[in-house]
Amino acid sequence: GCLCWMSVVIPTPMGFPGILLSPGIASAESVLWKKPGEQKHPKEPPSLQCMHLAVVACGDRLEETLIMLKSAVLFSSRRLCFHIFAEDSLKPEFEMKLKEWPSSYTKKFESNIYPITFSVGNAQEWKKLFKPCAAQRLFLPVILKDVDSLLYVDTDVLFLRPIDDIWHLLREFNSTQLAAMAPEHEIPKIGWYSRFARHPYYGSTGVNSGVMLMNLTRIRSTRFKNSLIPGGLTWEEMLYPLYQKYKNYITWGDQDLLNIIFYFNPECLYVFPCQWNYRPDHCMYGSNCRGAEEEGVSILHGNRGVYHDDKQPTFKALYEVIRDFPFEDNLFQSLYYPLQSRFLDTVHTLCGRIPQVFLKQIEKTMKKVYENRVIVYLGANHRY
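What comes next concerns the included structure. From a predicted model like this one, the values you see are computed outputs, not experimental measurements. (Residues numbered from 1 in each chain as written. Predicted model: local features only at pLDDT ≥ 70, side-chain atom pairs only at ≥ 80, totals over all residues. Heavy atoms only, no water.)

### What to know about the environment of V271
Its place among the elements puts V271 in strand β8 (residues 269–271). When the C-alpha atoms of V271 and M181 are compared, they prove to be 5.3 Å apart, with 90 residues separating the residues in sequence. Leave out the neighbours within four places in its chain, and V271 touches M181, P183 and Y202. (Helix = DSSP H or I, 4+ residues; strand = E, 2+ residues; numbered from the N terminus. Contact = heavy atoms within 4.5 Å.)

Quick look at the structure:
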């Protein structure tokens, strides 16, 4: 007799490969072929297995943070470790809401919730820097001592492709690079820093810290050049004196401090392109993010509250469709098609005129999810 391996295919929308899911398979992870008696691949060490994602949530940012985490879980393949820094009053709400997610998704991540703490300087001063608690991100290398690498994002971020893809950028760091961010603007003459900054900033336009990839091990072991003392300071030693020196000149809080740090240490920064941190500025003055035009938006950053007002309906549509998507529904029927429909109402806006920029990557991601599910192992004991 012979062992029979079969894949069963049923049609799906838009001509993408059909699928048939076996019971219990509801995540985006691949179904692996395994011959009878074959050993499973040895597991990676937990530190390699997990992609670490950090966020800081204070005030009314509970829902935004949960929708961001939802977008991360929907599309990513490898296991995620969430590090949520939140005010004490939000901790039980996060715990309750995350437990309500279906088990097919909760098994894809683990979450840790931390209080807001600042290891140096005046805690109340740090809390009031720019937005409530935003300065917490500056202390991640100090607090998360056992984490090697980390992706930090603001609460108003949405992933339109797997986190795995930006995580791979860590491999592109050279020997001196220890963090990665996108430019604050693509065109210096209309950028904020190049026009208004009263302090040093990175490059010709500055960088935006809403999406920040970090090698924490390198940050902890590096002595940084600065304008304070000639010998260099560790990350933790540098933060508060730097703030004290520039506090009367900064507007965007911790982002300005990061720009100052990397102005003095440009060799430490890897700059990734704008599609990894796509904001209204990239389309509201006309399309100016070439990477998004070519590849589609990878990570959407709805800063300035655009998910919650009517100034940028394209951004709001994406947020609300992901928010309203029932976890275990069909991605095309319950997410992609509603998104297309909502975008028809935004074509009168500058950002709405380029729907393909917003849809290209998420369509590609959904196709990949289906392709990962297409092979179904029907059992090794079907002999005939």
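Moving on from the model shown.
### Let's talk about the sheet that holds strand β6 (residues 179–183)
One open sheet accounts for 7 strands, arranged β3-β2-β1-β4-β7-β6-β8; its pairing is mixed. Since the sheet does not close on itself, it has two edges, and those belong to β3 (109–114) and β8, each with one partner. Ignoring which end each strand starts from, the neighbouring axes of this sheet average 25° apart. Sheet topology note: the strand β1 (residues 50–57)/strand β4 (residues 149–153) ladder contains 2 bridges and is parallel. (Pairing = 2+ DSSP bridges. Axes fitted to C-alpha atoms, helices over the stretch in contact; angles between N-to-C directions.)

### A few points about the state of the cysteines
Scanning the entire structure with this criterion turns up 4 disulfides. The partner cysteine of C274 in its disulfide is C289, sulfur to sulfur 2.0 Å. The sign of the S-S torsion, about 100°, decides the handedness of the disulfide formed by C274 and C289: right-handed. On the criterion of sequence distance, the pair formed by C274 in the loop between β8 and α12 (290–295) and C289 in the loop between β8 and α12 is long-range, its members being 15 residues apart. We classify C274 as buried; its relative accessible area is 2%. At a sulfur-sulfur separation of 2.0 Å, the disulfide partner of C283 is C351. Between C283 and C351, the disulfide has an S-S torsion of 85° and is therefore right-handed. Placement of the pair is C283 in the loop between β8 and α12 and C351 in the loop between α14 (331–343) and α15 (355–373), with a sequence separation of 68 residues. Classification of C283 as buried rests on a relative accessible area of 1%. (Disulfide = S-S within 2.5 Å. Buried < 20%, exposed > 50% of the residue type's maximum accessible area, 1.4 Å probe, protein only.)

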